[in-house]
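# Tertiary structure, described
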Amino acid sequence: MAAVSAPTKHIASNKKPNPGPASSGIFIKEARIRHFRCLRSVDVELDPLTVIIGQNNSGKTSFLNALFAAIGAGQRIISNDDIFLNKSEVSAPKTRAVAIDILIRPTDDQGRIADVFPQGSAWLELWGLGVVQDKDDRDLVAIRTTFKWNAVNGEYVLERRFLKDWQADSAKWEDSKPVEKVSPVSAPQIEPLALYLLDAKRDIADDLRARSSFWGKMVEEHGLTPEDVKRIEDELSDINEDIVKSSDIFTHIQSHLRDFHETLSCDEDSIAITPLARHLRDLARGMDVVLATRGAPPFPLHQQGMGTRSLGTFFTFWAFTTWRQKQARSGAVHPLTALEEPETHLHPQAQRALFRQIKKMPGQRIISTHSPYICGQAEIGQMRHFSKQGEETIVCRNEIGTGAARLTVEDLRKIDRQVMNTRGDLLFARALVFFEGETEEQALPDFAEKYWKKHPNDLGYSFIGVQGHGNYLPFLRMAESFKIPWFIFSDGEDATITSVNHALTAIGQNLIPNNPRVIILPDCKDFEAYLVSDASKDLLIAAIIEHETRTPQRAQELKLEWAAKSEPDQLTAILGKLKAKKTQYGSRIGRILPVPTPLEELFKKIDTELAPPKPITKTV
């Protein structure tokens, strides 16, 4: 019996896949990609809406292009540049092939994954013997697309085959073999689930003129009868003739153009100006879309800003996919769309509004994004985090765990509310530094810039205040799930240490003081108390006086008042000021004080963990 992976303990597995308002009858559950660009070996489980996140050049676009190469609507040509390359290789060996496997499951009328395709299913008729069973006798369809080098043709040649199983262990993917005595998967067998990809370079101004665009494909199929076409084209000819006769300049130009017959072998009346397209097949070239914003006159979309033009392409794309679904000649059609960076050129509110529109689209949707505003609206269970390790991509998703460590509905709600809704930007960081208070939030980036001689944003590091020592856990769970390196800079009070240890226990990490990623301030002090010392008091008093004075006379009075205090009273007064006005003094502390020793220790740990590997020196 064929092997297939058991239900994976992921967030998404708690929810019933719902590919759209009406189920298509199938659900694409997983994609496995081998040797495509930086995707040496990645396995990506898909949801009804899958949100791909990660830094630039982490493999997000490569994943979308790999899926398009496998089951995309249109021809895909693979070149040598698309083959995975080890860092020690100058070029990929010709024996290395690209393989892209997809797992398809049947669904019921409500879009829930079912055990079998029902009798009379259009998918059964379409795929026939390509439908196989796993070890639990559940139906599945597995399709492998390969691109292998053909020395005779001098190019990579595509082949699609049905597989007779789906290996539970993805490391054994090569053990899955094609179904015997079944022909390669044909284009008509792929077309009903073909992926339509909208890339980041979209522009409605270009689409309106290109016949190969989604707009061009739709308007070319105008659906008019031959009788209607002839009637409309006759009317267009009459309109053209009327325009030319009514215009002195057009008449003048046309009289000179008719001299063509003296140079070319044609009749005198064979050339004419046509201000409007005379044939419906050419009408798309002159089409335009106009938009009038509130209180403004209408303007063509090609004269609008790039954000509006990008939106125009998106809604045209949506119209194309829904039209394709309506025109399906059989019951076998599964809307599958991918959008690369849908937020391009849009302001934050428009990004949020667009994502709400995407959630309304039918079928399965895959989007890649860099937008914290989109991430703030998505559920963490929908996200797949792409990151680079060396020359290859690693893909992670949020794990809900098992047993006592299993995340509850409330745990997931906290991650979405406390992390995703407020700090979606941290998903794109190279490293995360968590801390408790407001003073740290103001001061730590300045200390970091003083230490590294660069702002932490330039290094890809995010400094995150969790707003209280009891709030570390949702942030740590998110970072652990997506394998983003994290560090904690914590106050040293007993209650804080207890809270941090509780969070570390929940994610299965070593406790304080045996966790190298956690830096605790000594002597049970909080951050403000640690900063206030004999060594720093003069600098802090000067900063307080500068902040509290508006005239030289008042500054002199304050200097005398501070000088009259005893040293212990000075330290107590400074600490009171810093705690009373954390946001005001926190922004000054990092600029005027040297980097504290515990922070130096933290920054060295970050350097150690994130430092790039040293190059290997080969000896001859």
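In case you missed it, the structure is sitting above this.
Presented here is an overview of the structure given in this document. (Residues numbered from 1 in each chain as written. Predicted model: local features only at pLDDT ≥ 70, side-chain atom pairs only at ≥ 80, totals over all residues. Heavy atoms only, no water.)

## Description of the overall build of the protein chain
Each helix and strand in the protein chain was counted, giving 22 helices and 18 strands. A total of 620 residues make up the protein chain; the buried ones form 47% of that total. When contacts within the protein chain are restricted to residue pairs at least 6 apart in sequence, long-range pairs at least 24 apart make up 71% of them. Of the roughly 31400 Å² of accessible surface on the protein chain, a fraction of 51% belongs to carbon and sulfur atoms. (Helix = DSSP H or I, 4+ residues; strand = E, 2+ residues; numbered from the N terminus. Buried < 20%, exposed > 50% of the residue type's maximum accessible area, 1.4 Å probe, protein only. Contact = heavy atoms within 4.5 Å. Areas by Shrake-Rupley, 256 points an atom, 1.4 Å probe, with all protein chains shown as cover.)

## Here's the deal with the pairing of strand β12 (residues 364-368)
With respect to burial, β12 is a largely interior element, five of its five residues being buried. Neither face of β12 is open: one carries Gln364, Ile366 and Ser368, the other Arg365 and Ile367, and all of them are buried. Across four bridges, strand β3 (residues 49-54) lies against β12 in parallel orientation. Counted as the bridge partner of Val51 is Ile367 from β12. With five bridges joining them, strand β11 (residues 336-340) and β12 adopt parallel strand pairing. Paired with Thr337 across the strands is Arg365, a residue of β12. Note that the unit made of β11, helix α10 (residues 348-360) and β12 has a crossover that is right-handed. (Pairing = 2+ DSSP bridges. Right-handed = clockwise from strand over helix to strand, strands pointing away.)

## Examining helix α16 (residues 494-506)
For α16, which comprises 13 residues, the first-to-last C-alpha distance of 19 Å matches the rise-based estimate of 18 Å (1.5 Å per residue) to within 8%. Listing the buried residues of α16 in full gives Thr496, Ser499, Val500, Asn501, Ala503 and Leu504. Elements that come into contact with the buried residues of α16 comprise α15 (472-481), β17 (486-490) and β18 (518-520). Two residues or fewer after α16 comes Gly508, characterised by a positive phi angle close to 75 degrees. (Expected span 1.5 Å × (residues − 1).)

## Here we look at the pairing of β11
Among the five residues of β11, five are classified as buried, and the element is accordingly described as predominantly covered. Here β11 shows no split at all, with Leu336, Ala338 and Glu340 on one side and Thr337 and Leu339 on the other all buried. As paired strands, strand β8 (residues 195-198) and β11 are joined by four bridges and run parallel to one another. Note on β11: the bridge partner recorded for Leu195 is Leu336.

## As for the packing of helix α20 (residues 567-580) against helix α21 (residues 582-592)
For the pair α20 and α21, interaxial distance at closest approach is 6 Å and the crossing angle is 110 degrees. Between α20 and α21, the interaxial angle falls into the category roughly perpendicular. Residues Lys577, Leu578, Lys579 and Ala580 of α20 form the contact with α21, whose own contacting residues are Lys582, Tyr585 and Ile589. Considering only residue class, the contact of α20 with α21 consists of four nonpolar, no polar and three charged. (Axes fitted to C-alpha atoms, helices over the stretch in contact; angles between N-to-C directions. Parallel < 35°, antiparallel > 145°, perpendicular 65-115°, else oblique. Nonpolar A, V, L, I, M, F, W, Y, C, P; charged D, E, K, R; others polar.)

## As for the sheet that holds β11
In space, the six strands of this open sheet follow the order β8-β11-β12-β3-β13-β14, with mixed pairing throughout. Looking at which strands have only one partner, the edges of the open sheet turn out to be β8 and β14 (392-396). Looking at each pair of strands side by side, their axes are set apart by 20 degrees on average, direction ignored. Here strand β13 (residues 383-389) pairs with β14 via five bridges, running antiparallel. If you follow Ser387 over to β14, its bridge partner there is Ile394.

## Details of the environment of Gln442
Within the secondary structure, Gln442 sits in helix α13 (residues 438-452). Each C-alpha atom, one on Gln442 and one on Ile589, is 8.3 Å from the other, the two residues being 147 residues apart in sequence. Beyond its immediate sequence surroundings of up to four residues, Gln442 is in contact with Lys582, Thr583, Gly586 and Ser587.

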